[in-house]
Amino acid sequence: MKRFLLIVSLLVASVSASAMGFRSLDLKANLRSDFGVGVGMSFNLPANFEFAPSFNYYFDSGNAFTIDADFRYRFDLPKSFSIYPLAGPLYFHCKDHNNIGLNVGAGFSYDINDAWSVGAEAKYQYVNHFDDFYLSLGVSYLF
């Protein structure tokens with residue numbers, strides 16, 4: 001429980017510090033060994049870096065969720081496309097188990113217009129005694 005409170009405190013502090021660089025509000029579907037949905041935000045940091053915290057809930061695992069705190073480096077490409085590598089810590093909760101882990105992955109996005117974007121991410125998650133790979137498909141409202 002102490003770890004959970006520490007992570008939540010760090011996320012709140014990071015979000016508060018980055019509030020001026022709010023970039024998007026994200027909704028996504030997560031596909032891995034089970035199906036989940038997520039909500040997140042992204043914040044612009046200097047030099048094309050972004051901070052992207054998210055909360056993801058998984059239906060088939062029985063009360064399983066993750067809180068991710070990913071950092072991205074965005075490469076802008078022609079025609080409203082961008083790609084990014086990502087890495088960051090995560091908090092994983094499943095039934096009575098609470099663990100800290102690590103995300104590593106990559107993603108892309110396509111800006112449909114000035115207000116909406118669609119994208120996908122592929123992540124490898126390592127948590128304590130297990131690892132998992134998942135694909136996330138989502139839509140973002142841009143600010």
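Read on for a plain summary of the structure. (Residues numbered from 1 in each chain as written. Predicted model: local features only at pLDDT ≥ 70, side-chain atom pairs only at ≥ 80, totals over all residues. Heavy atoms only, no water.)

## Brief notes about the overall build of the chain
- Secondary structure assignment for the chain yields one helix and nine strands.
- In sequence order, the chain lays out its α and β elements as α-β-β-β-β-β-β-β-β-β.
- The proportion of buried residues among the 143 residues of the chain is 40%.
- Looking at the chain alone, contacts between residues at least 24 apart form 42% of all its contacts between residues at least 6 apart.
- Of the roughly 7900 Å² of accessible surface on the chain, 69% is carried by carbon and sulfur atoms. (Helix = DSSP H or I, 4+ residues; strand = E, 2+ residues; numbered from the N terminus. Buried < 20%, exposed > 50% of the residue type's maximum accessible area, 1.4 Å probe, protein only. Contact = heavy atoms within 4.5 Å. Areas by Shrake-Rupley, 256 points an atom, 1.4 Å probe, with all protein chains shown as cover.)

## Some thoughts on the nonpolar core
- Residues Tyr58, Ala64, Leu90, Phe92, Cys94, Val127 and Tyr134 constitute the largest nonpolar core, which totals seven residues.
- Residue contributions to this core peak at three residues, all from strand E6 (residues 81–94). (Core = buried A, V, L, I, M, F, W, Y, C linked by side-chain atoms within 4.5 Å.)

## Overview of the pattern of salt bridges
- For the structure on display, the rule yields nine salt bridges.
- Between Arg23 and Glu50 there is a salt bridge, and its shortest N-O distance comes to 3.2 Å. Note that Arg23 is positioned in strand E1 (residues 22–31) and Glu50 in strand E3 (residues 49–58), a separation of 27 residues in sequence.
- Owing to a relative accessible area of 2%, Glu50 belongs among the buried residues under this scheme.
- Here Arg32 makes a salt bridge to Asp132, at a shortest N to O gap of 3.5 Å. Taken together, the residues span a long stretch of sequence, with Arg32 in the loop between E1 and strand E2 (35–44) and Asp132 in strand E9 (residues 130–142) at a distance of 100 residues.
- You can call Asp132 buried: its relative accessible area is 17%.
- Salt bridges sharing partners connect three or more residues here, namely Arg23, Glu50, Asp68, Asp70, Arg72, Arg74, Glu121 and Lys123. (Salt bridge = Lys/Arg side-chain N within 4 Å of Asp/Glu carboxyl O.)

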